[in-house]
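# An overview of the molecular structure
So you can see what is in the structure, the chains are spelled out below.
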Amino acid sequence: MSEVAASSSVTAGYAQKVTEDLAVTKSEQERVRAELARLEAELRQLEESEKVLVKMQVVLTGVSRPTSAQGKGKKKTAVPAARRAKSAAGQPKVSSKTKSSKANAKNSVGKTAPASGAGNKTWAALTGGYLAEQSAPKSAAEVAAALTEAHPQRKVQATVVRNALEQGVARGLLERSKQGRSVYYTLVSAAASPTSDEGAASAE
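Residues numbered from 1 in each chain as written. Predicted model: local features only at pLDDT ≥ 70, side-chain atom pairs only at ≥ 80, totals over all residues. Heavy atoms only, no water.

Two elements, strand β2 (residues 174-179) and strand β3 (residues 182-187), share six bridges in a ladder whose sense is antiparallel. Residue pairing in the sheet places L174 in a bridge with L187 of β3. Counting the residues between successive antiparallel strands, the hairpin from β2 to β3 contains two residues, one of them, G180, with a positive phi of roughly 75°. (Pairing = 2+ DSSP bridges. Helix = DSSP H or I, 4+ residues; strand = E, 2+ residues; numbered from the N terminus.)

Side chains of a nonpolar character, in soluble globular proteins, are inclined to be buried together. The biggest cluster of nonpolar side chains holds 16 residues, and the ones touching the most others in it are L131, V143, L147, V161 and L165. No other element matches the five residues that helix α5 (residues 140-150) contributes to this core. Here L147 is in contact with W123, L126, T127, Y130, V156 and V161, once residues within four sequence places are set aside. (Core = buried A, V, L, I, M, F, W, Y, C linked by side-chain atoms within 4.5 Å. Buried < 20%, exposed > 50% of the residue type's maximum accessible area, 1.4 Å probe, protein only. Contact = heavy atoms within 4.5 Å.)

The next point concerns the layout of surface pockets. Taken as a whole, the largest pocket holds about 150 Å³ of empty space. Lining of the largest pocket is provided by K121, A125, L126, G129, Y130, E133, A146, L147, A150 and H151. Secondary structure elements with two or more residues in the lining of the largest pocket: α4 (123-132) and α5. When its residues are assigned to classes, the lining of the largest pocket shows six nonpolar, two polar and two charged. (1 Å grid on protein atoms, 1.4 Å probe; cavity = no way out; pocket = protein on both sides within 12 Å on 5 of 7 lines; lining within 4 Å. Points joined across faces, edges and corners; volume = space filled by probe spheres on them. Nonpolar A, V, L, I, M, F, W, Y, C, P; charged D, E, K, R; others polar.)

Another point: the pairing of β3. Pairing of strand β1 (residues 138-139) with β3 involves two bridges; the strand directions are antiparallel. Note on β3: the bridge partner recorded for S139 is Y184.

Contact pair α4 / α5: the axes reach a minimum separation of 10 Å and the direction vectors enclose 100°. One way to sum up the angle between α4 and α5 is to call them roughly perpendicular. For the pair formed by α4 and α5, the contact residues are W123, L126, T127, Y130 and L131 on the first element and E142, V143, A146 and L147 on the second. Within the contact of α4 with α5, the residues separate by chemical class into seven nonpolar, one polar and one charged. (Axes fitted to C-alpha atoms, helices over the stretch in contact; angles between N-to-C directions. Parallel < 35°, antiparallel > 145°, perpendicular 65-115°, else oblique.)

Following the criterion strictly, the structure yields zero aromatic pairs and no others. Seen from the ring of W123, R154 lies directly overhead, with NZ or CZ sitting 4.5 Å from the centre. (Phe/Tyr/Trp six-rings, centres within 6.5 Å; stacked < 30°, edge-to-face > 60°. Lys NZ or Arg CZ within 6 Å of the ring centre and 35° of its normal.)

Moving on to the sheet that holds β2. Strand order across the open sheet formed by three strands is β1-β3-β2, with antiparallel pairing between neighbours. Strand pairing shows two members of the sheet lacking a second neighbour, β1 and β2, which therefore form its edges. The strands touched by α4 within the sheet are β1, β2 and β3, with β3 carrying the most contacts at an inclination of about 85°. Against the sheet, helix α6 (residues 158-170) contacts β2 and β3, and its axis sits at roughly 115° relative to β2.

All right, on to α5 then. Along α5, the residues classified as buried are A140, V143, A144, A146 and L147. With its buried residues spanning 165° around the axis, α5 presents them on a single face. More than 90 degrees from the buried face of α5, the exposed residues found are A141 and E149. (Arc of directions from axis to C-beta.)

This part takes up the side chain of T127. Position of T127 relative to the elements: it lies in helix α4. Using a relative accessible area of 1% as the deciding quantity, one classes T127 as buried. The contacts of T127, once residues within four sequence positions are left out, are V143, L147, V161, A164 and L165.

So, about the pattern of salt bridges. Counted according to the given criterion, the structure contains six salt bridges. Here R31 makes a salt bridge to E28, at a shortest N to O gap of 2.4 Å. With R31 and E28 both in helix α1 (residues 2-61) and three residues apart, this pair spans about one turn of that helix. Across the pair R176 and E166 runs a salt bridge whose closest N-O atoms are separated by 2.5 Å. Here E166 lies in helix α6 and R176 lies in strand β2, a separation of 10 residues in the sequence. By relative accessible area, E166 is classed as partly exposed at 26%. Connected through salt bridges with shared partners, the residues E35, R38 and E42 form a single ionic network. (Salt bridge = Lys/Arg side-chain N within 4 Å of Asp/Glu carboxyl O.)

Structure (structure tokens):
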């Protein structure tokens with residue numbers, strides 16, 4: 001009889017524990033449901049506030065938020081782009097050599113102009129012509145200044161003039177001489193004339 005009484009007391013203890021846990025679980029469920037209802041109500045309030053703010057933004061700035069309809073419109077624009085890509089793929093490809101030859105042809109057409117007039121003379125011709133009229137050597141800066149005054153319609157750069165003078169020296173058309181740190185240029189014929197005069201004077 002004692003074993004039966006002990007077993008029934010253990011069963012009663014477990015039943016009491018289960019009853020208490022069940023009550024706690026139901027209480028916790030009620031608390032969670034109440035919290036969920038509060039959060040849902042708060043979410044609805046936030047959504048309503050968002051709608052009001054969006055309307056105010058549209059009224060104040062005139063800028064509306066993107067909608068799903070606008071997104072669909074963007075998808076539709078991708079179809080013509082794909083068609084353009086297909087049409088471009090169907091066209092014959094132009095090689096890089098053909099493009100470069102066309103570009104060179106355009107450049108040559110733009111550069112070819114009547115050779116008449118001082119505005120179309122080369123810098124070598126302009127510098128040589130100026131030095132031919134001078135009796136004394138001239139520096140690159142002096143030549144550039146004189147050409148700027150003589151040909152205002154052209155953009156004269158000292159670097160370009162100096163390069164043209166050095167090209168004349170390399171071709172044997174001009175002679176270069178230094179006086180201190182300055183470099184002066186003269187025509188070869190003009191530079192050789194004093195030597196010939198000295199030779200004539202010594203012959204006499």
